[in-house]
Each structure stands twice: as C-alpha cells, then as structure tokens.
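Observations on the model geometry
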Amino acid sequence: MKITDAKVFVGGPKKNYVTLKIMTDQGIYGLGDATLNNRETLPAQYLQDYLVPNLIGMDPRNSEDIWQYFYRGAYFRRGPIATAAFGAIDMALWDIKGKLANLPVYQLLGGKSREGAMVYAHATGADLEDLMDSVAFYVEQGYKAVRVQCGIPGMPKGYAVPEAKGDNLNHITDYTGIRPKVEVWDTDRYMRYMPGALERIRERFGPELKILHDVHHRLLPREAAAFARAVEPVDLYWLEDPTPAEDQDALRLIRQHSTVPIAIGEVFNSIYDCNRLIEQELIDFIRVAVTYAGGITPVRRIVDLAGLHHVRTGFHGAPSHSPICMAAQAHLNAWAPNFGVQEYLVLGTPECDALFPSEHRMENGMVWVSDAPGLGVDFDESKAARYDYVPGSHPVVRLEDGTMWNY
Ligand SMILES: O=C(O)[C@@H](O)[C@H](O)[C@H](O)CO
Ligand SMILES: [Mg+2]
C-alpha cells in the first residue's frame with residue numbers, strides 16, 4: 001500500500017482550519033488537523049514544502065515509523081509548528097488504518113473504557129452576575145462541568161472574557177486583523193476578587209457541579225500558591241495553568257501549600273514537556289491537544305505515562321481545533337483508562353458540520369464517539385473552496401504600566 005498524494009487546505013467558517021488529506025493507491029484516504037491557532041499558515045507551509053513530498057510513496061500503515069522519520073529527520077526537534085504538521089499526518093494515518101481494518105480508531109487503541117466522555121463548557125461573563133447566567137445556561141443543558149471566567153472589577157479590557165454583558169461565546173482569537181488586541185492585567189485585583197467570586201458560584205450552583213478555573217499562566221509561583229490556598233473551600237475540579245508554563249518547578253510550591261488539583265499542558269508539544277511533571281506527580285490533569293502534541297501516536301504515550309502516576313487526561317478543546325482533532329481526542333477519550341474530562345466549545349455551526357460531516361455527538365454534557373471506521377469525520381472539499389485564509393491574532397496582555405505579561 002502506498003501514499004499517492006496529499007493535499008493541504010486552509011480555511012473554514014470563521015476559522016483557519018488546516019486540513020490534511022492523504023490519498024492512497026487503494027482509494028482509501030485519511031484526514032488530519034494541523035491548525036496552530038493564530039499561526040495557521042506555518043504548519044500548512046511545512047506540510048506543503050517538506051512533509052508531503054516525502055510522504056508520497058510511503059506505506060501509510062507504518063504510522064509509527066513515519067512519525068519517527070519526520071520527528072528525528074527534522075534534526076531540530078519539537079516546536080508547535082512542526083508537531084502540528086506531524087500531528088495532522090499521524091491523525092490521517094490512524095484514520096486510514098481504521099478504514100482499512102473497518103474499525104473505529106478507539107478499537108485499535110484497546111476498545112471503549114466508557115460510553116460517553118464528560119466534557120466541560122466555557123462559561124464567561126463581563127462580570128460575576130453575567131457569568132452566573134452563563135453557568136446556568138450550561139447547567140440547564142446538562143453539562144456536569146463548567147470552566148468559569150469573569151471580568152474583574154476595576155480591571156479594564158477583561159481577562160479573556162467578553163467586554164459586553166451577554167456576549168458569552170468564547171472568541172479569543174480575533175479575525176479582524178493581524179495586530180493583536182491588548183488586554184490589561186492586574187494581579188492584585190485578581191487575587192482580591194476571584195476567590196470570593198468562585199465561592200459565590202459554588203454557593204449558587206451547589207456541591208455537584210464540577211467547577212474549573214483557568215489562570216492563563218498569569219501568577220508568579222508564590223502568588224499561585226497563595227491563590228490555590230485561598231480557593232480550597234470552593235472545591236475546584238481543577239485550577240488551570242496557574243503559572244508560566246516554562247517554569248515547571250513553580251508547581252512544586254503550589255503543591256506544598258494546597259491540594260487543589262492542577263491542570264496544565266495546552267501549550268505543550270511533546271512528551272518531554274510532560275514527563276517530569278507527571279513522574280514527580282506535580283499535576284493532576286494533562287491538557288495536551290492531539291494536534292499540538294504531534295498526533296495520536298505520541299499522545300497515547302503521554303496518556304499511558306500519566307496513568308502510572310494517577311494523572312488524568314483533560315485534553316485541550318479550544319475552538320481552534322477542527323472537528324478532526326476533536327474526533328481523534330474523542331477516540332482517545334473513549335479508550336483512556338485514565339480519562340478525566342474533555343474541554344468542549346460549541347463548534348457545531350451548521351457551516352462547520354457541513355464542511356466536516358460526522359456522527360460524533362454532544363449530548364447532556366458528554367461526547368458520544370462515532371462507530372464509523374477510522375476517525376469518523378469526513379471533509380467536503382467542494383465546500384472548502386468557499387473559505388479563504390483570514391488573518392487573525394490572539395490577544396496579548398500588558399500590566400497597567402505597559403509591561404508585557406503572560407497570556
Ligand atoms: O483553556 C483554553 O481553552 C484557553 O486557555 C485557550 O486555549 C487559550 O485562551 C487560547 O485561545
Ligand atoms: Mg486554558
């Protein structure tokens with residue numbers, strides 16, 4: 001069996017999805033997602049210029065060797081542009097493998113450990129009252145877990161939250177131009193306000209709701225330890241990205257002062273970003289994405305390593321991932337013995353569903369994986385032609401005096 005060709009598409013409904021389609025001499029094709037949020041053209045270019053020409057003629061069944069060939073073959077290792085491109089290839093090869101075997105990918109991983117996989121929604125609010133409405137909206141739809149973020153009084157231009165009340169959809173990446181919007185951050189205001197706000201959410205929604213909160217890497221280690229201690233009474237499901245991702249030792253200080261579960265990893269792109277945190281049991285949830293971390297092959301290894309150390313999965317699911325990445329994660333979630341939760345934002349516009357037809361379903365706060373062979377997502381090329389690349393950007397954040405800070 002041989003790969004005969006591969007095509008890269010960039011575009012989508014209000015998104016720049018990077019979709020890879022690998023064709024074979026047996027008529028079977030595979031699909032992968034290389035969307036690197038707000039830098040989408042770069043993995044596309046890497047695929048087109050280097051990886052696709054080398055793929056042609058390879059046996060698509062050898063997904064492990066192909067992954068190693070590109071990873072080691074690059075000489076310069078890791079980095080999200082490369083791993084997003086490798087990730088798309090790897091997803092497409094698992095898709096082909098499943099179609100060849102006439103089995104859904106979760107069967108190739110070891111079958112189902114559960115039926116539905118719990119997801120968490122993003123509730124956001126310009127202020128706490130607005131956030132409460134947003135949480136109620138998701139609870140009414142049956143979500144069991146909700147991430148909560150709201151504006152901080154006195155802090156201008158928010159915190160990855162809407163500026164206007166009632167605008168509760170998460171659209172962090174802005175497609176009105178290449179120059180990022182600037183948010184303003186004030187740690188003191190956040191530290192004073194947010195623990196009490198989280199307690200009010202717990203009081204209003206009761207003990208059952210799983211409440212998650214994302215700090216977006218903005219606290220220094222001592223501040224994060226103090227914050228984690230302050231939110232202990234809230235009984236959070238997780239506290240996400242409390243400190244800048246590069247300083248892994250920062251998490252040790254948090255551990256010494258609090259038992260709040262820590263989730264990290266959405267900006268990681270290899271097992272080498274995860275292994276110390278997992279082995280030293282400094283985290284409770286690993287948040288890699290199948291696209292950014294290089295595909296199903298390496299992420300399965302991360303999941304197995306995590307399982308040895310009681311670390312559960314909580315894969316990234318921001319709207320920048322196409323339905324193909326979300327499908328790959330749905331298969332891993334169905335299998336993983338140490339599954340925790342899956343982040344889920346409403347992608348399912350009619351336009352997106354038409355471009356990526358599938359039988360994967362979201363109901364009652366759970367994802368129900370498709371039983372179709374392979375990843376179970378198709379791609380309608382005839383509809384892809386109507387979407388072009390639209391320059392966009394992720395916001396940046398500065399302190400009030402102008403100092404650049406961590407998003
Ligand atoms: O946990 C999340 O989904 C967020 O941290 C987003 O990934 C981030 O704002 C990038 O848009
Ligand atoms: Mg996050």
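Note that residues are indexed from 1 along each chain, following the sequence as it is written. As a convention, the first chain written is A and the first ligand written is 1, with the rest following in written order. The model is predicted, so local features are restricted to residues of pLDDT at least 70 and side-chain atom pairs to those at 80 or more, both for listing and for counting; the totals for chains, interfaces and linings are taken over all residues. Excluded from the side-chain calculations are hydrogens and water; all other atoms, namely the structure's heavy atoms, are used.

On to the overall build of the chain, then. Put simply, DSSP marks the helices as runs of H or I at least four residues long and the strands as runs of E at least two long, and each gets a number from the N terminus on. Summing up its helical and strand segments, the chain has 13 helices and 15 strands in all. In terms of C-alpha radius of gyration, the chain reaches 21 Å, essentially the compact-globule figure of 22 Å for 407 residues. Referenced to the eigenvectors of the C-alpha coordinate spread, the extents of the chain come out at roughly 60 × 45 × 45 Å. Taking all 407 residues of the chain together, the buried fraction comes to 59%. Every residue pair with non-hydrogen atoms within 4.5 Å of one another is taken to be in contact. For the chain, contacts bridging at least 24 residues in sequence account for 74% of all contacts bridging at least 6. Within the chain, one finds 40 positive and 52 negative side-chain charges whose respective centroids are separated by 2 Å. Only C-alpha atoms enter the radius of gyration, while the globule expectation follows 2.2 Å times N to the 0.38, with N the number of residues. Residue exposure (1.4 Å probe, protein chains only): buried if accessible area is under 20% of the type maximum, exposed if over 50%, otherwise partly exposed. His is not counted, nor are the chain ends, whereas Lys and Arg count as positive and Asp and Glu as negative. For the purpose of locating charges, the reference atoms are NZ of Lys, CZ of Arg, CG of Asp and CD of Glu.

What follows is about the nonpolar core. What we call a nonpolar core is a set of buried Ala, Val, Leu, Ile, Met, Phe, Trp, Tyr and Cys residues that are connected through their side-chain atoms within 4.5 Å. Tyr190, Ile201, Ile283, Ile286, Val288 and Ile296 are the most contacted members of the largest nonpolar core, which has 92 residues in total. Reported domain spans reflect what an automatic or database domain assignment gives. In this structure, this core is formed jointly by two domains, domain 1 (3-104) and domain 2 (108-373), each of which donates at least three residues. Ignoring anything within four residues of it in the chain, the contact list for isoleucine 201 reads Leu128, Leu131, Met132, Val148 and Ile211. One finds Val52, Leu55, Met58 and Ile89 within the second-largest nonpolar core, a separate group that totals 28 residues.

What makes two strands pair is DSSP finding at least two bridges between them. If you walk across this open sheet you meet the three strands as β1-β2-β3, and the pairing is antiparallel. Every interior strand has two partners, whereas the edge strands, β1 (3-10) and β3 (29-33), have only one. Neighbour-to-neighbour, the strand axes of the sheet open up by a mean angle of 20 degrees, direction not taken into account. Bridge analysis of β1 against strand β2 (residues 18-24) gives seven bridges, and the strand direction is antiparallel. Pairing of alanine 6 across the sheet is with isoleucine 22, part of β2. Every axis in this analysis is a line fitted to C-alpha atoms, fitted for helices over the stretch in contact. Angles between the N-to-C directions lie between 0 and 180 degrees.

To continue, consider the coordination of the magnesium ion (ligand 2). A donor here means an N, O or S atom no more than 2.8 Å from the metal, or no more than 3.2 Å when the metal is Na, K or Ca. Since water is not included, a site may seem to lack partners. In this structure, Asp214 (OD), Glu240 (OE) and Glu266 (OE) serve as the protein donors to the magnesium ion (ligand 2), at separations of 1.9 to 2.2 Å. Sequence spacing of the donor residues for the magnesium ion (ligand 2), all on one chain, is D-x25-E-x25-E. Taken as a pair, aspartate 214 in strand β7 (residues 210-214) and glutamate 240 in strand β8 (residues 238-240) lie far apart in primary sequence, 26 residues in all. In terms of burial, aspartate 214 and glutamate 240 fall into one category: buried.

As a further point, take the packing of aromatic side chains. The rule is short: rings of Phe, Tyr and Trp, with Trp giving its six-membered ring, pair when the centres are within 6.5 Å, and they are stacked under 30 degrees, edge-to-face over 60, tilted in between. Inspection of every chain in the model, using the stated rule, returns 18 aromatic pairs. Measuring from centroid to centroid gives 5.5 Å for tyrosine 69 and phenylalanine 70, while their planes differ by 70 degrees, and the two rings are edge-to-face. Ring pairs connect the aromatic residues Tyr46, Tyr50, Trp67, Tyr69, Phe70, Tyr71 and Phe86, which therefore count as one cluster. When the ring centre of tyrosine 29 is taken as origin, the NZ or CZ atom of lysine 21, which lies over that ring, is 4.2 Å away. Directly above the ring of tyrosine 407 sits arginine 218, whose terminal nitrogen or CZ lies 4.6 Å from the centroid. Charges are assigned to positions over rings by a cutoff of 6 Å between ring centre and Lys NZ or Arg CZ, combined with an angular limit of 35 degrees from the ring normal.

Next up on the list: the site of ligand 1. Any residue with a heavy atom lying within 4 Å of a molecule or strand is counted as near it. Lining the immediate surroundings of ligand 1 are 13 residues, of which His216, Glu240, Glu266, His316 and Glu343 lie closest. Pairs of N or O atoms within 3.5 Å make up the polar contacts considered here, provided that, within protein, one atom can donate a hydrogen while the other can accept it, and that residues adjacent in sequence are counted only when both atoms are side-chain atoms. Within the side chain of aspartate 214, an N or O atom sits 3.1 Å from an oxygen atom of ligand 1. One of the side-chain nitrogen or oxygen atoms of histidine 216 is found 3.1 Å away from an oxygen atom of ligand 1. Here the open area of atoms and residues is found with the Shrake-Rupley method and a 1.4 Å probe, where only the protein chains shown may cover a residue. Considering ligand 1 on its own, with 300 Å² of exposed area, one finds that the protein chains cover 92% of that surface. Taken together, the residues of the shell around ligand 1 break down into two nonpolar, five polar and six charged. Classes in brief: Ala, Val, Leu, Ile, Met, Phe, Trp, Tyr, Cys and Pro nonpolar; Asp, Glu, Lys and Arg charged; the others, Gly included, polar.

Quick look at unusual backbone geometry now. Even without a glycine there, the phi angle at lysine 14 is positive, about 55 degrees. Its identity as a non-glycine residue notwithstanding, asparagine 364 has a phi of 55 degrees, on the positive side. Within the secondary structure layout, asparagine 364 lies in the loop between β13 (361-363) and β14 (366-368).

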